[in-house]
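# Fold and geometry: a report
The primary structure of each chain is shown beneath.
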Amino acid sequence: MLIKTILIRLLTMIVTLFGVAVVVFTLVRVAPGNPIAMMLPPGASEEDIARLTALYGLDKGLVQQFAIWLGGIVQGDFGTSITLRRPVDDLVLSRLPATLELAVMALVIALILGGIVAVWGARNRGSGTEVGLDLTSGAVLSIPDFLWGLIFVLLFGVLWPVLAISGRIDPRIEFDFATNFYLLEGLLRARFDVVGSTLSHMIMPAMSLALPLAAMIAQLLKQYLKAELMQDYATLARVRGFSETAVILREALRNAALPTIALVGVQFTFLIGGTVIVERLFAYEGLGNMAIDAVINRDLPLIQGIVLMFAAIFILINLVVDLSYALLNPRLRHG
């Protein structure tokens with residue numbers, strides 16, 4: 001049953017990616033502006049423009065262009081960036097680790113903060129503490145991630161300059177990276193100067209992305225915890241002498257966390273999408289920052305490659321969430 005579900009979802013993923021490819025290919029070409037003219041100096045002749053247009057295949061019909069591009073993707077060739085003159089797949093894969101590290105860091109922070117607030121609120125349900133936590137969560141959720149970024153830059157980059165406000169790592173650090181997963185590689189190779197510098201550059205953008213998600217997790221998880229604490233098994237645990245905190249952590253949290261998985265998965269996709277603005281704000285060298293540059297320069301192959309990569313990530317995350325929910329939920333697992 002599970003294998004059949006996976007196969008169906010994989011087939012759906014292929015169809016969805018094809019639809020995304022069609023949409024993004026069409027949109028970037030109907031947008032105004034000539035990317036070839038933008039990459040040439042103002043005095044370029046019509047012959048120069050025509051030559052480069054033919055070089056990048058932009059002189060052909062839309063259907064033929066799409067067929068050529070799609071055929072290249074099937075063979076692992078996403079084209080060549082018009083502005084950077086490098087293969088699109090190399091550019092995307094070189095920036096993807098930075099975005100993934102940032103998004104995972106933000107998710108971990110959100111889960112920790114949201115979980116603590118949810119347990120605290122459920123432990124003090126019906127009291128002024130719960131009301132205060134609800135008001136705080138609502139206020140945090142009402143502030144978008146990019147505004148949190150500006151607040152953090154002002155606080156910890158200007159007024160109290162203890163964190164780096166741009167880039168991904170201190171350029172003075174000499175380290176030969178085998179991959180672009182700076183934080184992970186620094187940990188594995190015990191280079192704590194690399195880890196410290198990476199965290200110094202990552203913590204503010206990660207916190208900017210994490211706080212709204214943490215507030216959402218806290219509100220939802222607390223409601224599920226409160227519902228679970230009214231069940232018979234929670235009452236039985238109290239009779240056996242467990243403290244209220246122990247009842248929450250040992251009995252209710254596992255059941256309450258299960259329906260929260262779906263929210264976290266969906267919101268994680270939005271969190272990755274939110275990296276576009278946050279990365280730009282902190283000059284963070286990730287895929288989102290590159291996406292903005294590609295749009296500004298109308299780099300059609302690069303825009304298409306980045307959008308397809310984001311779409312693939314979103315679909316894979318949803319697949320993992322669905323499978324995790326099915327594996328953790330006994331009724332679905334044995335259904």
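Everything that follows concerns the structure shown earlier in this document.
Below or above, wherever it landed, is the structure these notes cover. (Residues numbered from 1 in each chain as written. Predicted model: local features only at pLDDT ≥ 70, side-chain atom pairs only at ≥ 80, totals over all residues. Heavy atoms only, no water.)

## A look at helix H9 (residues 192-228)
Threshold: Only runs of H or I of at least four residues qualify as helices and only runs of E of at least two qualify as strands under DSSP, and these elements are numbered from the N terminus. Multiplying one less than the number of residues by 1.5 Å gives the expected span of a helix. What we call the bend at a residue is the angle made by axes fitted to the seven residues finishing there and the seven residues starting there.
For H9, spanning 37 residues, the distance from its first C-alpha to its last is only 42 Å, which falls clearly below the expected 54 Å at 1.5 Å a residue. In H9, a bend of some 40° at Met202 exceeds every other bend along the element, and Pro205, a proline, comes one to four places later.

## Topic: the packing of aromatic side chains
Where we set the bar: The rule is short: rings of Phe, Tyr and Trp, with Trp giving its six-membered ring, pair when the centres are within 6.5 Å, and they are stacked under 30 degrees, edge-to-face over 60, tilted in between.
If you walk through the whole model with that rule in mind, you get 10 aromatic pairs. Counting every residue linked through ring pairs, the aromatic cluster contains Phe18, Phe25, Phe66 and Trp69.

## Quick notes on a nonpolar patch on the surface
Just so we agree on the cut-off: A patch consists of residues whose relative accessible area exceeds 30% and which take part in no salt bridge; residues with like charges are grouped when within 9 Å of each other, and nonpolar side chains (Val, Leu, Ile, Met, Phe, Trp, Tyr) when within 5 Å. Each accessible area is a Shrake-Rupley result for a 1.4 Å probe, and residues are judged covered by the shown protein chains and nothing else. Salt bridges are identified by distance alone: a Lys or Arg side-chain nitrogen within 4 Å of an Asp or Glu carboxyl oxygen. Each residue is placed in one exposure class: buried if its accessible area under a 1.4 Å probe, protein chains only, is under 20% of its type's maximum, exposed if it is over 50%, and partly exposed if it falls in between.
On the surface, Leu154, Leu155, Val158, Leu159, Trp160 and Val162 cluster together into a nonpolar patch covering about 610 Å² of accessible area. Assignment of secondary structure puts Val162 in the loop between helix H7 (145-159) and helix H8 (182-188). On the accessibility criterion, Val162 (42% relative accessible area) is partly exposed.

## Topic: the side chain of Asp145
Basically, it comes down to this: Neither His nor the chain ends is counted toward charge; the positive residues are Lys and Arg and the negative residues Asp and Glu. Residue contacts are counted whenever heavy atoms from the two residues lie within 4.5 Å of one another.
The residue Asp145 is located in helix H7 in this model. One buried charged side chain, Asp145, makes no salt bridge at all; its nearest oppositely charged neighbour is Arg280, positioned 14 Å away. What Asp145 contacts, discounting residues up to four positions off in sequence, is Ser208, Leu209, Pro212, Gly274 and Val278.

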